[in-house]
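# Structural overview
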Amino acid sequence: MKIVLQHLTKSFPSRDKKSADVIAVNDFDFEIPDGKLIGLLGPSGCGKSTTLNLICGLLTPTFGRIFFGEDDVTDLPPENRGVGLVFQNYALYPHLTVRKNILFPLQNLKGAERPSKAEMEERMLQCARLVQIESLLERKPAELSGGQQQRVAIARALVKRPRVLLLDEPLSNLDARLRLQTREEIRRIQRETGVTTVFVTHDQEEAMSISDRIVVMNAGVLQQIDRPQTVYDDPINQFVAQFLGTPPINMFSGRVRDGRLFLGEQSVLVVPGVSDCEVNVGIRPEGFVIDPEGPLGCELLAVEVMGRDTSVVFDHSARLSPSLRAVIPSEERTHAGERSVRFSLKPSKVFLFDKTAGARVRFGGK
């Protein structure tokens, strides 16, 4: 089921009557293709959950329209939209068994929509098998691990065969290893069912690992929509570049003079097509190459060996980030000097941004 949001806006009255309304979602305008998993990504308070609640009908937009396929569902109540919603805290009924938790949405259907008991049981078993909890049907939520509870919540959302599946920070209560396992399961389930899915998270690694496309938000405003790797490799502005990436992108204050990029007094890269200006410079951690003759000289602070890769922590007079870090193959770590290190740069991993607005300043056709 395709989802189309047209100029979707949601504002809330300010608690201080003298202040302007708070705009949580500001003129959202995009389309979610049928059968895709979309990651809705951004920092806390950026409007992700508000957008999700608008899609499912728990909130009414201040302005704009919502379409499921060709159907305008803006004014439909949540129960008539055909959505399945999985909450951050699972929201299972503690006094009911797993079986009854999954059956609950079907038992509350009325009239012609209500399946027979036999069909309810069959659909419940199908969903339990899909999320691999068929052996836990007689347990209650308190007897389950966090990951098992999350699977029950997903099965309960799917049993109604929703047109759209909405996941609101579904992994935030799980430990790191279980989070990795569960996100892989969510991706498998989405592919097997083919249901259009919106996955809300502030964790960019989660969003990038399982999404067909990611939607990056900030302060209620849509920043960029594209395939995860494209957003990482080609950020539209400084916010997107800084938000995506682990370790985060390294930020410097720089200037362009005569087609060359300077960090401090060092000329580090040719940047054709850029007029003389002051810029902020972002360099991905993997964009540094240890080179004794490299143009970028830095103070070496630490070398952290992490198995396959080595993290080189360094400092520079033009630094804007709290810290600077390069990630290099472990076999190269012996080339780092004790007190200083020199780098050459990979042009594809270097990004220039306007100092005032943070807009991308492109060079060399990229």
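Notes on the structure in this doc start here. (Residues numbered from 1 in each chain as written. Predicted model: local features only at pLDDT ≥ 70, side-chain atom pairs only at ≥ 80, totals over all residues. Heavy atoms only, no water.)

Helices and strands together make up the secondary structure of the chain, namely eight helices and 21 strands. Viewed in the frame of its principal axes, the chain has a C-alpha envelope of about 75 × 50 × 40 Å. In the chain, buried positions account for 49% of the 366 residues. Relative to all contacts within the chain whose residues are 6 or more apart in sequence, the contacts with residues 24 or more apart total 66%. Approximately 17,600 Å² of the chain is accessible, and the part contributed by carbon and sulfur atoms is 49%. (Helix = DSSP H or I, 4+ residues; strand = E, 2+ residues; numbered from the N terminus. Buried < 20%, exposed > 50% of the residue type's maximum accessible area, 1.4 Å probe, protein only. Contact = heavy atoms within 4.5 Å. Areas by Shrake-Rupley, 256 points an atom, 1.4 Å probe, with all protein chains shown as cover.)

One open sheet holds the four strands; their spatial order is β2-β1-β4-β5, and the pairing between them is antiparallel. Across the chains shown, the open sheet's two edge strands, defined by having one partner strand only, are β2 (22–32) and β5 (71–72). Where strand β1 (residues 3–12) lies against strand β4 (residues 63–68), five bridges are found, and the strand directions are antiparallel. Looking at the pairing, Gln-6 lines up with Arg-65 of β4. Sheet strands in contact with helix α1 (residues 48–56) are β1, β2 and β4, and its direction is about 120° off that of β1. (Pairing = 2+ DSSP bridges. Axes fitted to C-alpha atoms, helices over the stretch in contact; angles between N-to-C directions.)

What follows covers unusual backbone geometry. For the peptide bond that leads from Thr-246 to Pro-247, omega is -5°, which places it in the cis range. Examined against the element boundaries, Pro-247 turns out to sit in the loop between α8 (238–243) and β11 (250–257). Residue Arg-161 is not a glycine yet carries a positive backbone phi of 55°. Position of Arg-161 among the secondary structure elements: in the loop between α4 (146–158) and β7 (164–168). For Arg-161, a relative accessible area of 52% gives the class exposed.

Let us now look at the nonpolar core. Counting 35 residues, the largest nonpolar core has Ile-102, Ile-133, Leu-158 and Ile-186 as the members making the most contacts within it. When contributions to this core are tallied by element, the ones reaching two or more residues are α2 (98–107), α3 (117–130), α4, β7 and α5 (176–193). For this core, the element with the most residues is α4, which contributes six residues. In this structure Ile-102 touches Met-124, Ala-128, Ile-133, Leu-137, Val-152, Ala-155, Arg-156 and Val-159, once residues within four positions along its chain are discounted. Counting residues in hydrophobic clusters, the runner-up holds 28 residues, among them Val-256, Val-281, Ile-283 and Ala-326. (Core = buried A, V, L, I, M, F, W, Y, C linked by side-chain atoms within 4.5 Å.)

Glancing now at the pattern of salt bridges. On inspection of all chains with the given rule, the structure shows 21 salt bridges. With its nearest N and O atoms 3.5 Å apart, the salt bridge here joins Lys-349 to Glu-286. Remark: Glu-286 occurs in the loop between β14 (277–283) and β15 (288–290) and Lys-349 occurs in the loop between β19 (340–345) and β20 (350–354); sequence separation between them is 63 residues. Several salt bridges share partner residues, and in doing so they unite Arg-151, Glu-185, Arg-188 and Glu-192 into one network. (Salt bridge = Lys/Arg side-chain N within 4 Å of Asp/Glu carboxyl O.)

Looking now at the packing of α4 against α5. To characterise two packed helices, one gives the angle between the axes of the helices and the distance between these axes. Running from N to C, α4 and α5 point in directions that differ by 20°, and their axes come no closer than 11 Å. For the element pair α4 / α5, the angle class is roughly parallel. Every pair of crossing elements has a handedness; the one defined by α4 and α5 is right-handed. Contact with α4, carried on its side by Gly-146, Gly-147, Gln-150, Arg-151, Ile-154 and Leu-158, involves Leu-178, Gln-181, Thr-182, Glu-185, Ile-186, Ile-189 and Thr-193 of α5 and no other residues of that element. The residue inventory of the contact of α4 with α5, partitioned by class, reads five nonpolar, six polar and two charged. (Parallel < 35°, antiparallel > 145°, perpendicular 65-115°, else oblique. Left-handed = near helix turned anticlockwise from the far one by under 90°. Nonpolar A, V, L, I, M, F, W, Y, C, P; charged D, E, K, R; others polar.)

Next up on the list: α5. With 18 residues, α5 should cover 26 Å at 1.5 Å per step; its first-to-last C-alpha distance of 26 Å lies within 8% of that length. Among all positions of α5, only Thr-182, Arg-183, Glu-185, Ile-186, Arg-187, Ile-189 and Gln-190 are buried. Residue Gly-194 follows α5 closely and has a positive phi angle near 70°. (Expected span 1.5 Å × (residues − 1).)

The buried fraction of β7 amounts to five of the five residues, a majority that puts the element mostly inside the structure. The two faces of β7 match: Val-164, Leu-166 and Asp-168 on one face and Leu-165 and Leu-167 on the other face are all buried. Sheet topology note: the strand β6 (residues 83–86)/β7 ladder contains four bridges and is parallel. Among the inter-strand pairings, Gly-84 is bridged to a residue of β7, identified as Leu-165.

Moving on to the sheet that holds strand β17 (residues 309–315). Strands sit in the order β15-β19-β16-β17-β18 across an open sheet of five strands; the sheet is antiparallel. Each edge of the open sheet is held by one strand with a lone partner, namely β15 and β18 (324–329). Recorded for the sheet is a direction-independent mean angle of 50° between the axes of neighbouring strands. Bridge count for β15 against β19 is three bridges, and the pairing is antiparallel. The residue of β19 that forms the bridge with Val-289 is Ser-344.

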